Amino acid sequence: MNSLVIYPEAIEQAIAQLEQWLQHPHPWQNYRLTPRSLALLLLQKDPQLWDACPPDFPQRLDIEHLILETQEKLSEPLSLAIAQTRQQQAQHLENQALLITDTPRLSFVEHLHRLTVNPLTGFPILLLILYYGVYKFVGEFGAGVLVDGIEGFFEEQINPVVDQITSQLIPWPILQDLIAHDYGIITLGIRYAVAIVLPVVATYFLMFSLLEDSGYLPRLSLMLDRLFKILGLSGRAVIPMVLGLGCDTMATMVTRTLTTQRERLIAAFLLSLAIPCAAQWGVILGLLAQKPAALLVWGGVIFAIFLGIGYLTARLLPGTSGGFYMEIPPLRLPKLRNVLIKTWVRMKWYFWEVLPLFIWASVLIWVGRLTGLFDAIIRLIEPIARALGLPQETAPIFLYGFFRRDYGAAGLFDIQQQGALTGNQLVVAAVVLTLFLPCVAQLQMLVKEQGLKNTIWMVVFIIPFAFFIGYVLHLSLTLLGVNF
Amino acid sequence: MNALSTVKKGQIHTVVALKPKTEQTLIKLMALGIMPGCQVKVEQQFPSYIISMGRTRAALDRETAEEIWVERV
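Below or above, wherever it landed, is the structure these notes cover. Position numbers for residues count from 1 along each chain, tracking the sequence in the order it is written. Chain letters start at A and ligand numbers start at 1, both assigned in the order the entries are written. Restriction of local features to residues with pLDDT of at least 70 applies here, the model being predicted, together with a cutoff of 80 or more for giving and counting side-chain atom pairs; totals for whole chains, interfaces and linings are based on all residues. Where side-chain values are given, they derive from all heavy atoms of the structure, hydrogens and water being excluded.

**Here's the deal with the pattern of salt bridges**
Any Lys or Arg side-chain nitrogen located within 4 Å of an Asp or Glu carboxyl oxygen qualifies as a salt bridge. One pass over the structure, following the stated rule, counts 19 salt bridges over all chains. Note that Glu64(A) and Arg60(A) form a salt bridge whose closest N and O atoms lie 3.2 Å from each other. One end of the pair, Glu64(A), and the other, Arg60(A), are both in helix α4 (residues 60–73), four residues apart, so they sit about a helical turn from each other. Relative accessibility decides the category of a residue: with a 1.4 Å probe and only protein chains considered, values under 20% of the type maximum give buried, values over 50% give exposed, and everything between is partly exposed. We classify Glu64(A) as partly exposed; its relative accessible area is 32%. By relative accessible area, Arg60(A) is classed as partly exposed at 21%. Between Lys229(A) and Asp61(B) there is a salt bridge, and its shortest N-O distance comes to 2.5 Å. Placement of Lys229(A) in helix α10 (residues 217–230) and of Asp61(B) in the loop between β5 (56–60) and α2 (62–65) is noted, with the two residues assigned to different chains. Looking at Asp61(B), the relative accessible area reads 3%, which means it is buried. Each of Glu110(A), Arg114(A), Glu43(B) and Arg57(B) takes part in salt bridges that share partners, so that together they form one network. For helices the rule is a DSSP run of H or I covering at least 4 residues; for strands it is a run of E covering at least 2, with both sets numbered from the N terminus onward.

This is the structure we're talking about:
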């Protein structure tokens, strides 16, 4: 035997027996592993290997029996015995190869690590990173400056050309609307993916890759694990939640990295309900900027709902949150080249993932308007808007806001410009828009990740809940005599 | 024998047993290099446990730290 690692006698015997069996045809021929490696994986009950084994494989029972027999001869779990042997061998090699001459001194990196994880300094650092990285860079620069620039270019240079060409090539206005005009596939769907999603996601991925390569993300997770436990989540869910502040669609997709279905469900639900995306909070901040107290009420209500509903969901859903364990790599200075390549690859992947969703949104709007379905829905929303103390002109905003992020908030902006909205009405509308489903692309991603049934449950809860909270807020502000 | 969640900061302990509730956690702990025989040091307990083994560092929540049994070296 020329293997580098020698396992305890019982395991070596089992490996020899398995190697012998594996000389005959078996279900793992295409794995390109040595019989010894295959044998070790089988002994560790590797799920992938066992899934690939058909129930009628003649030796399946023999192998299962052999594993049980081997386990009985050992005092600890088989996989632990294997891991321990490897660890000892690694330790042995390290001792041979490494000569430690000096006790390591406290380096700058070590000091920095301590500052980032010590509660006294770690939380302020965390807030600073979120403020400059997310709020300033993604929110103000990405969702503000860049979006305005690219969208302006689309509206001035591209849309008029598309409108003109379409009107010349297609004589039927109905079909023209599908491609061009206010809600067309090119003038809305593609413009959306390129002008709104792309800059937000580009700045977000850039910031995210920087944080990732610096080794800060695991520290962010460990600092927030306790807070997230209250919501039935673990520190791992910090990443999709922070991503949601960039783009909820992307964040909903990233929930698949969480370890349990329960955690994935809670995370996707909270993202849909209470995490506003950069396009959303960008405009809301603009709307309420002149009224700091109103902004505070909006932020307070959304944060309270995030915590309150998260807490209730965690109590009501059966099961417990998955344990939290994570390696903490040393802090490093990110390499710019790596960060840029990573950002580029992610942007490309994400763009192709969401582009079809936005094209679908255009088609849906086209069908909705053509069939009169949208008008019917708007008439349904009008009395609700009035109950919230809002003028009935705000009704279309809630419907179209779901399809066109900017229309929702920008529509509000237009009405405000005309002086038709009071401060209270702005806060109520902003809260309802934030709690409302983020957008049609996010809804499609939700179906993909959580299935139709769970998605329907969430929608059935979120829509009435958003209006209900708006109503309660309107009532409270009126009763307390608050005027922003 | 004590749970890792109860030992003092800065002292070196030897892991004597892992008693996680799920097989998945056991595999994860082993992958992090936390297994019987290895030496660990608790560096911090709040807001999460931070432990070091050799030149590796890991963060754990309280529940996981309660499932790792150690003895004072």
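Don't stop here, the text continues.
**A short note on the nonpolar core**
All names here are of chain A. Ranked by size, the top nonpolar core spans 118 residues in total, and within it Leu-233, Met-241, Leu-273, Leu-288, Tyr-350, Val-431 and Leu-435 carry the most contacts. With 13 residues, the single largest contributor to this core is helix α9 (residues 185–214). Counting 26 residues, the second largest nonpolar core, distinct from the first, contains Tyr-7, Ala-39, Ile-67 and Ile-82. To qualify as a nonpolar core, a set must consist of buried Ala, Val, Leu, Ile, Met, Phe, Trp, Tyr and Cys residues joined through side-chain atoms within 4.5 Å.

**Points about the pairing of strand β4 (residues 49–53) of chain B**
Residues and elements named next belong to chain B. The buried fraction of β4 is high, at five of five residues. Neither face of β4 is open: one carries Tyr-49, Ile-51 and Met-53, the other Ile-50 and Ser-52, and all of them are buried. For two strands to be treated as a pair, DSSP must find at least two bridges joining them. Inspection of the sheet shows strand β3 (residues 39–44) paired to β4 by three bridges, in the antiparallel sense. Counterpart to Val-42 in the pairing with β4 is Ile-51. Between β3 and β4, which pair antiparallel one after the other, the connecting turn spans four residues. When β4 meets β5, the two strands line up antiparallel, connected through five bridges. Bridged to Ile-50 within β5 is Ala-59. Linking two consecutive strands that pair antiparallel, namely β4 and β5, is a turn of two residues; a positive phi of about 60° is found at Gly-54 within it.

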